[in-house]
Amino acid sequence: MELFECSAADLARAVREGAHSVAEIVEVHLGRMDRLEPVLSAIVTPLKDEARARAAALDIALARGENPGPLTGVPVIVKDNFCTRRIRTTCSSRMLENWIPPYDATVVSYLERAGAVLIGKANMDEFAMGSSTEHSAFFTTSNPWDPSRVPGGSSGGSAASCAAGYAPLTFGSDTGGSIRQPAAFCGIYGFKPTYGMVSRYGVVPFASSLDQIGPFARTLEDLLLAMEVIAEADEKDATCSRALRPDFRKALDVTDLKGKRVGLVREFEGYDIDGPIVDALARARAALLDAGATVVDVSLPTVSHGLACYYIIAPAEASSNLARFDGVRYGLSAEADSLIDLYHRTRKAGFGPEVKRRLLTGTYVLSSGYYDAYYNKALKVVAILRDEFARAFGEADVILAPTTPTLPFRKGENIGDPIKMYMSDLFTLPANMAGLPALSLNGGYSDGLPVGIQLIGPRWGEMEIFSAAAVLEKALGAPRLAGGDL
Ligand code: GLN
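Quick notes on the rules
- Residues numbered from 1 in each chain as written.
- Predicted model: local features only at pLDDT ≥ 70, side-chain atom pairs only at ≥ 80, totals over all residues.
- Heavy atoms only, no water.
- Helix = DSSP H or I, 4+ residues; strand = E, 2+ residues; numbered from the N terminus.
- Rg over C-alpha atoms; globule rule 2.2 N^0.38 Å.
- Buried < 20%, exposed > 50% of the residue type's maximum accessible area, 1.4 Å probe, protein only.
- Contact = heavy atoms within 4.5 Å.
- Core = buried A, V, L, I, M, F, W, Y, C linked by side-chain atoms within 4.5 Å.
- Near = heavy atom within 4 Å.
- Polar contact = N/O pair within 3.5 Å; in protein donor to acceptor, adjacent residues only side chain to side chain.
- Areas by Shrake-Rupley, 256 points an atom, 1.4 Å probe, with all protein chains shown as cover.
- Nonpolar A, V, L, I, M, F, W, Y, C, P; charged D, E, K, R; others polar.
- Pairing = 2+ DSSP bridges.
- Axes fitted to C-alpha atoms, helices over the stretch in contact; angles between N-to-C directions.
- Patch = residues over 30% accessible without salt bridge, like charges linked within 9 Å, V, L, I, M, F, W, Y side chains within 5 Å.
- Salt bridge = Lys/Arg side-chain N within 4 Å of Asp/Glu carboxyl O.
- Phe/Tyr/Trp six-rings, centres within 6.5 Å; stacked < 30°, edge-to-face > 60°.

1. With respect to the overall build of the chain
Phase 1: Counting secondary structure elements, the chain contains 15 helices and 11 strands.
Phase 2: The C-alpha radius of gyration computed for the chain amounts to 21 Å, which stays within 12% of the reference 23 Å derived for 486 residues, consistent with globular compactness.
Phase 3: Taken along the three principal axes of its C-alpha coordinates, the chain extends 65 × 55 × 45 Å.
Phase 4: Counting every position in the chain, which comprises 486 residues, the buried fraction comes to 60%.
Phase 5: A separation of at least 24 residues holds for 77% of the contacts in the chain among residues at least 6 apart in sequence.

2. Regarding the nonpolar core
Phase 1: With 154 residues, the main nonpolar core has Leu 111 and Phe 127 as its most contacted residues.
Phase 2: Looking at which element gives the most residues to this core, the answer is helix α9 (residues 306-321), with nine residues.
Phase 3: When near neighbours in sequence (up to four residues on either side) are disregarded, Phe 127 contacts Cys 91, Ser 93, Met 95, Leu 96, Val 204, Phe 206, Leu 322, Phe 325, Phe 351 and Val 355.

3. Notes on the environment of Ala 14
Phase 1: Structurally, Ala 14 is set in helix α1 (residues 8-17).
Phase 2: Overall, the relative accessible area of 13% leaves Ala 14 in the buried class.
Phase 3: Separated by 11 residues in the primary sequence, Ala 14 and Ile 25 have C-alpha atoms spaced 9.7 Å apart.
Phase 4: In this view, Ala 14 contacts Ala 19 and His 20; residues no more than four positions away in its chain are not counted.

4. Re the site of the ligand
Phase 1: Neighbouring residues of the ligand: 15 residues in total, closest Thr 175, Gly 176, Ser 178, Arg 358 and Asp 425.
Phase 2: With respect to the ligand, the backbone of Gly 130 contributes an N or O atom lying 2.9 Å from an oxygen atom.
Phase 3: Here Arg 358 contributes a side-chain N or O atom positioned 2.7 Å from an oxygen atom of the ligand.
Phase 4: Against a free-state accessible area of 290 Å², the protein chains account for coverage of 100% of the ligand.
Phase 5: Its residues placed into classes, the shell around the ligand shows five nonpolar, seven polar and three charged.

5. Some remarks on the sheet that holds strand β4 (residues 169-174)
Phase 1: Strand order in this open sheet of 11 strands is β1-β3-β2-β4-β6-β5-β10-β11-β9-β7-β8, and the pairing throughout is mixed. Across the chains shown, the open sheet's two edge strands, defined by having one partner strand only, are β1 (43-46) and β8 (294-298). Taking each pair of neighbouring strands and ignoring which way they run, the sheet shows an average axis angle of 30 degrees.
Phase 2: Examined bridge by bridge, strand β5 (residues 189-192) and strand β10 (residues 438-446) share three bridges and lie antiparallel to one another. When the sheet's bridge partners are listed, Lys 192 is paired in β10 with Ala 438.
Phase 3: Against the sheet, helix α2 (residues 22-40) engages β1, β2 (75-79) and β3 (117-122), with an angle of about 20 degrees to β3.

6. Let's talk about a nonpolar patch on the surface
Phase 1: On the surface, Tyr 364, Tyr 370 and Tyr 374 cluster together to form a nonpolar patch covering roughly 280 Å² of accessible area.
Phase 2: Tracing the backbone through its elements, the reader meets Tyr 374 in helix α12 (residues 371-395).

7. Some points on unusual backbone geometry
Among all residues except glycine, the phi angle is most often negative; among peptide bonds, the trans geometry is most common.
Phase 1: Looking along the chain, the bond that leaves Gly 153 and enters Ser 154 is cis, with omega of 10 degrees.
Phase 2: One non-glycine residue with positive phi stands out, namely Phe 127, at about 50 degrees.
Phase 3: Looking at the secondary structure, you find Phe 127 in the loop between β3 and α5 (156-163).
Phase 4: In this structure, Asp 447 takes a positive phi of about 50 degrees despite not being glycine.
Phase 5: Note that Asp 447 resides in the loop between β10 and β11 (449-456).

8. Looking at the packing of aromatic side chains
Phase 1: On inspection of all chains with the given rule, the structure shows 20 aromatic pairs.
Phase 2: With centroids separated by 5.6 Å and ring planes inclined at 80 degrees, the aromatic side chains of Trp 99 and Tyr 330 adopt a geometry described as edge-to-face. A residue pair is termed long-range when its members are at least 10 positions apart, and Trp 99 in the loop between β2 and α4 (106-113) and Tyr 330 in the loop between α9 and α10 (339-350) qualify at 231 residues.
Phase 3: Exposure remark for Tyr 330: the relative accessible area of 27% places this residue in the partly exposed category.
Phase 4: A ring pair is formed by Phe 389 and Phe 393, whose centres lie 6.2 Å apart and whose planes are at 15 degrees; its orientation type is stacked.

Read these as spatial facts, not as claims about activity.
Here is the structure:
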């Protein structure tokens, strides 16, 4: 077994036992990145020198008998909207192409404290708006299972690089599905925690009431290990809970789901879903029944309005959040004759077409006269949806659902049709609007493409999700490494 095939847990163990140096582990992963990057284009900024220097420092610390933490020596990659001190943070936008933050996102410092080695910053849709990475201002990332297809988005570079073995753990942000949809398309785990579980401090905001940060991994153990490191209170994010988090890895021991109720959402049955996804859901349902769970129907009558409401609320918040990119304070600053001219020219040159579409929509739904008709009404629908979820979780402990309606689509297939692109998030965005935790996991393969399925839990119900996932991993197997034949 090559080192790039190993899990984060195994690498950390090997380092602790002295079987491999951090330098060796980092070199192997940088080599894997070098070999596949010409095909995949997953990384905006590789951090080779920084990673080598950090590895050397960690090896010295280990030789001195120190144990810097549970991820010591584990290579990690973060989406390029995570602020990194002295390292450019672009959001895959011309606006921030050369912007260097003066501080680290909290998640980045928690990873560093745990001994992880940051080896690169991953490509994404510009400002996290999109489902394919085709909206990156720099390049499109390829799906490691079939490079003619997209890896999903917006955290497509993080998903592709984890699936292909650049790093066993990578990180993304999820506002409407941007961790789970690319995890499904790349055949790995991708988890969006309960809103407030993980600090958002230092991650460039898109829609602050919906954004959460989470990990990608190829084993459940690694995913839970990553959660134990990043899910901590943080006084710099007022929405981050101060409560103690569970020992997530305890869920790995679960083999029995007796007494647990798995909900299937009645309204989702009416949607057009690719056959292999329906089959994967049936396999998962059977495995959960085998472990002693019962299956119940739950109803979310308002869920059909979810997509429309999301595309009011997310652009509204984005139009406010992205107002800061004015040519004065951050990144790009265009040549101009006056202040107003500076705003116009900077924003015209700095933002791509999808970001402009969202900002126009968002400004419109917040403008006087339309605020009540669109924005306020969407908020009311979200309140109803939250109630419906609360009722559903009175009847079920966890919900089993598709992650996406389709398997990974081809590059170019949806780029000309925004609504078709938005449809990719049909099953993921309800969890964001209700603030719920949700996991995408691999449910098998169809003609060489991975098939994702989703588990949604009640607020702070991550252990319900992870227990069901532990049973599913034992029954269906862990994800395979992608990119073997590239
Ligand atoms: N694809 C969705 C969008 O374009 C979700 C993005 C995300 O979660 N960041 O808004």
